[in-house]
Amino acid sequence: MWHAFTERDFDRFTAFFTDDAEWLAPANNATAFALEVSSHMIGRTAITDFFANDFPRLFVQDVAITNHGLYAEGDRVIVEHTMSATLANGNPYVNDYCFVFELRDGRIHRVREYLDSSRGFEMIYNEPVAD
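Everything quoted here is computed from the prediction, not taken from an experiment.

Caption draft 1: Up close: the UniProt feature "domain: SnoaL-like" (unreviewed entry) in the chain. Residues annotated in UniProt with the feature "domain: SnoaL-like" (unreviewed entry) correspond here to residues 2–110. In residues 2–110, the share of helix is 28% and the share of strand is 50%. The end C-alpha atoms are 15 Å apart.

Caption draft 2: How the structure looks around the packing of aromatic side chains. Overall, the coordinates contain 23 aromatic pairs when judged by the stated rule. Look at Phe-10 and Phe-13: their rings are 5.7 Å apart centre to centre, the planes differ by 75°, and that puts the pair in the edge-to-face class. Of the two residues, Phe-10 and Phe-13 are both situated in helix 2 (residues 10–14); the distance of three residues between them amounts to about one turn of the helix. Overall, the relative accessible area of 13% leaves Phe-10 in the buried class. For the pair Tyr-97 and Phe-99, a centre-to-centre distance of 5.6 Å together with 5° between the ring planes defines the contact as stacked.

Scoring rules and cut-offs
Residues numbered from 1 in each chain as written. Predicted model: local features only at pLDDT ≥ 70, side-chain atom pairs only at ≥ 80, totals over all residues. Heavy atoms only, no water. UniProt positions renumbered as here; feature names shortened; annotations may be inferred. Helix = DSSP H or I, 4+ residues; strand = E, 2+ residues; numbered from the N terminus. Phe/Tyr/Trp six-rings, centres within 6.5 Å; stacked < 30°, edge-to-face > 60°. Buried < 20%, exposed > 50% of the residue type's maximum accessible area, 1.4 Å probe, protein only.

Below is the structure:
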């Protein structure tokens, strides 16, 4: 799925998800805030549309993913990675993520995304966020 994403092969990307898949990111995270989109996407079409159309408005070039760990048990897969990119404002973006993928019938049914959202705001808006 991540290979299809970084290659911008959204026909292949969308095939990894169930029709009713959900993607849950932290509420009010910097990406959702900057793009004025929901942090909870419902449906394969909404997820693919976000990554194909909204995501590139903020992360404009040099998007790269470095995997650090992959753990699977039953129908759950946990992935740790660092994503880097150049933001629309020219700032570099580097943040660590942890994803919990819940599978159903061999496809992704639910994604729970975890990241340092304070760090994301600092990079996107170029100023520290008060604790």
